[in-house]
Amino acid sequence: MATIGDVARIAGVSRSTASYALSGKRAISADVRRRVEDAVRSLGYTPNAGARALATTRTMVIGLLAQFLPDEFAPAMLQYMLGVSDTAREHGYDILLATDADGTRALRRMTDSRMVDGVVLLNVAEDDERLPILRAAPQPGALVGLPADCTGVDVFDLDFEEAGRLMVDHLHRLGHRELVLVSQPEHVVERGGAYVWRLQNAALEAARARGVTLHAAFGSSHQPDVGRDLNALLDAHPGATGLLVNNEAAAAALPTVLHERGLSAPADLSVVGRYSDEFARTFSLPFSSVESAPDRLGRMAVRQLVRRIEGEVGPDEPHVVRFVSPELVDRGSTGAPPRVPGA
């Protein structure tokens, strides 16, 4: 197995210079850095994690706590995880993933044992029981998701309130006056999923301000239940000309539901979802949507976490709360409401 000494010999530099070129701890000329990187590639060199931890007091590992909850659509969660893991790898960090149902125990195990240099939390609840543990830990933490109390952690999230307003405003400008909003299951809200009511409340407020009737309902996160939910909503509100979808499982089921009902978007019903572009491609969804930006949020969280781990951000510097502004991706599923025969 190649060593740092072998890398230094091939690159024609000292061991310390080769080490600094790889760690970035000191300024190294571009030529020397290139020679070291060429040597690393030619030798297939991988730094020894144990030796590196002893030398730097860092493990070069980031803990990622995520849960595959039965009331959330798993493919959507995977996109957040990929955004975190890909960005960590770009910065030279590995990921230690914990999906334990008992998130507090997993977090305490990670931080007390010093297995990780920092932690990213997903599935953040409004009053998340993991946060007191993370605030007390010696490692820094970053959240993808907005809790009620952001003290002691860096927080990144989509601006769900603005997303709700954007969805309503878009259809209102096209002339729609009766809409249906289908959100995640109600027990997501009950266990602290504030992003659901943040979007829903903002959409309802925007609808009232614009004289739009908005029927807000919750949908299942699984088939075939969510298909039945969509059919029931469309049956209950035959005058609705627009559908807002803040539920990934419902978005994935909607093409089949519309086909079975002999409907198309936007000729019969305008549709706006809230999910990522990658999610739309994965499920071949033809609906316009507000970009949920899981990859961007993961990148933002990891980059800030690495800055704290590596001392670019001092321990006394204030933590940040940053929102990604929603963007509407037009896939042609919205238009003017259909004309009523004889009107």
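Residues numbered from 1 in each chain as written. Predicted model: local features only at pLDDT ≥ 70, side-chain atom pairs only at ≥ 80, totals over all residues. Heavy atoms only, no water.

**Re the overall build of the protein**
Part 1 of the reasoning: Along the backbone of the protein there are 14 helices and 12 strands.
Part 2 of the reasoning: Each of the three principal axes of the protein carries a C-alpha extent, and together these read 85 × 40 × 35 Å.
Part 3 of the reasoning: The 343 residues of the protein split such that 50% are buried.
Part 4 of the reasoning: Partitioning the contacts of the protein with sequence separation of at least 6, the portion at a separation of at least 24 is 70%.
Part 5 of the reasoning: Carbon and sulfur atoms provide 52% of the accessible area of the protein, an area that totals close to 16100 Å².
Part 6 of the reasoning: Taken together, the 36 basic and 44 acidic charged side chains of the protein have centroids lying 7 Å from each other. (Helix = DSSP H or I, 4+ residues; strand = E, 2+ residues; numbered from the N terminus. Buried < 20%, exposed > 50% of the residue type's maximum accessible area, 1.4 Å probe, protein only. Contact = heavy atoms within 4.5 Å. Areas by Shrake-Rupley, 256 points an atom, 1.4 Å probe, with all protein chains shown as cover. Lys, Arg positive; Asp, Glu negative; His and termini not counted. Charge placed at Lys NZ, Arg CZ, Asp CG, Glu CD.)

**Quick look at the sheet that holds strand E10 (residues 288-290)**
Across a sheet, strands are paired by hydrogen bonds formed along the backbone, either parallel or antiparallel in direction.
Part 1 of the reasoning: If you walk across this open sheet you meet the six strands as E7-E6-E8-E9-E10-E12, and the pairing is mixed. Two strands close off the open sheet at either side, each with one partner strand: strand E7 (213-218) and strand E12 (328-329).
Part 2 of the reasoning: Of the pairings in the sheet, the one linking strand E9 (residues 270-274) to E10 comprises three bridges and is parallel in character. By the bridge assignment, Arg274 is partnered in E10 with Val290.
Part 3 of the reasoning: Contacts from helix H8 (residues 160-173) reach strand E6 (178-183), E7, strand E8 (242-246), E9, E10 and E12, with the element oriented near 170° to E9. (Pairing = 2+ DSSP bridges. Axes fitted to C-alpha atoms, helices over the stretch in contact; angles between N-to-C directions.)

**A closer look at helix H1 (residues 4-11)**
Part 1 of the reasoning: For H1, the set of buried residues is Ile4, Val7, Ala8 and Ala11. Angularly, the buried residues of H1 cover 100° about the axis, an arc narrow enough to put them on a single face.
Part 2 of the reasoning: At the exit of H1 stands Gly12, carrying a positive phi of roughly 75°. (Arc of directions from axis to C-beta.)

**Re the packing of H1 against helix H3 (residues 30-43)**
Part 1 of the reasoning: One way to put it is that H1 packs onto H3 with a least axis distance of 8 Å and a crossing angle of 125°. Regarding the angle of H1 to H3, the classification is oblique. By crossing handedness, the relation of H1 to H3 is classed as right-handed. Mapping the contact onto sequence places Asp6, Val7, Ile10 and Ala11 in H1 and Arg35, Val36, Ala39, Val40, Ser42 and Leu43 in H3.
Part 2 of the reasoning: Partitioned by chemical class, the residues of the contact of H1 with H3 number seven nonpolar, one polar and two charged. (Parallel < 35°, antiparallel > 145°, perpendicular 65-115°, else oblique. Left-handed = near helix turned anticlockwise from the far one by under 90°. Nonpolar A, V, L, I, M, F, W, Y, C, P; charged D, E, K, R; others polar.)

**Things to note about the pairing of E6**
Part 1 of the reasoning: The element E6 is largely enclosed, with a buried count of five among its six residues.
Part 2 of the reasoning: Across six bridges, E6 lies against E7 in parallel orientation. Bridge pairing in E7 links Val182 to Ala217.

**A few points about the nonpolar core**
Part 1 of the reasoning: In this structure, Ile62, Val120, Leu122, Leu214 and Leu244 are the most contacted members of the largest nonpolar core, which totals 46 residues.
Part 2 of the reasoning: Residue assignment for this core shows that the elements contributing at least two residues are strand E1 (61-65), helix H5 (74-90), strand E4 (141-144), strand E5 (154-158), H8, E6, helix H10 (194-209) and helix H14 (294-309).
Part 3 of the reasoning: When neighbours within four sequence positions are excluded, Ile62 is seen to be in contact with Ala88, Tyr93, Asp94, Ile95, Leu96, Val116, Gly118, Val120, Val302, Leu305, Val306 and Ile309.
Part 4 of the reasoning: In this structure, Phe73, Val245, Ala251 and Tyr275 belong to the second largest nonpolar core, which totals 25 residues. (Core = buried A, V, L, I, M, F, W, Y, C linked by side-chain atoms within 4.5 Å.)

**Digging into the packing of aromatic side chains**
Part 1 of the reasoning: Per the stated rule, a full pass over the model turns up five aromatic pairs.
Part 2 of the reasoning: Look at Phe160 and Tyr195: their rings are 5.6 Å apart centre to centre, the planes differ by 50°, and that puts the pair in the tilted class. Pair noted here: Phe160 is in helix H8 and Tyr195 is in helix H10, with a separation of 35 residues, a long-range link.
Part 3 of the reasoning: Assessed through its relative accessible area of 18%, Tyr195 is described here as buried.
Part 4 of the reasoning: Centroid distance Tyr275 to Phe279: 5.6 Å. Interplanar angle 40°. Geometry classified as tilted.
Part 5 of the reasoning: For Tyr275, a relative accessible area of 1% puts it in the buried group. (Phe/Tyr/Trp six-rings, centres within 6.5 Å; stacked < 30°, edge-to-face > 60°.)

**Remarks on the environment of Val329**
Part 1 of the reasoning: Its location among the elements puts Val329 in strand E12.
Part 2 of the reasoning: Separated by 135 residues in sequence, Val329 and Ala194 place their C-alpha atoms 24 Å apart.
Part 3 of the reasoning: Leaving out residues up to four positions away in the same chain, Val329 has contacts with Ser288, Ser289 and Glu291.

**Observations concerning the side chain of Ser85**
Part 1 of the reasoning: One can find Ser85 in helix H5.
Part 2 of the reasoning: Polar contacts involving the side chain of Ser85 include one to the main-chain carbonyl oxygen of Leu82, which spans 3.2 Å. (Polar contact = N/O pair within 3.5 Å; in protein donor to acceptor, adjacent residues only side chain to side chain.)

**Focus on the packing of H8 against H10**
In helix packing, the relevant descriptors are the interaxial angle and the interaxial distance, both defined with respect to the helix axes.
Part 1 of the reasoning: Running from N to C, H8 and H10 cross one another at 40°; their axes reach a closest spacing of 7 Å. Of the possible angle classes, the one that applies to H8 and H10 is oblique. For H8 against H10, the interelement crossing comes out right-handed. Facing H8, whose interface residues are Phe160, Glu161, Ala163, Gly164, Arg165, Met167 and Val168, H10 presents Tyr195, Arg198, Leu199, Ala202, Ala203, Ala206 and Ala207.
Part 2 of the reasoning: Class assignment for the residues of the contact of H8 with H10 results in 10 nonpolar, one polar and three charged.

**Things to note about unusual backbone geometry**
Part 1 of the reasoning: Of the consecutive residues Gln223 and Pro224, the connecting peptide bond is found in the cis state with omega at 0°.
Part 2 of the reasoning: In this fold, Pro224 is placed in the loop between E7 and helix H11 (225-236).
Part 3 of the reasoning: The omega angle of the peptide bond from Ala265 to Pro266 is 5°, so this bond is cis rather than trans.
Part 4 of the reasoning: On the secondary structure map, Pro266 appears in the loop between helix H12 (248-261) and E9.
Part 5 of the reasoning: Positioned with a positive phi, Arg114 is a non-glycine residue whose angle comes to about 60°.
Part 6 of the reasoning: For Arg114, the position within the fold is in the loop between helix H6 (103-112) and strand E3 (118-121).
Part 7 of the reasoning: Residue classification places Arg114 among the exposed positions, given a relative accessible area of 53%.

Honestly, that's just the spatial picture; any functional story needs more than this.
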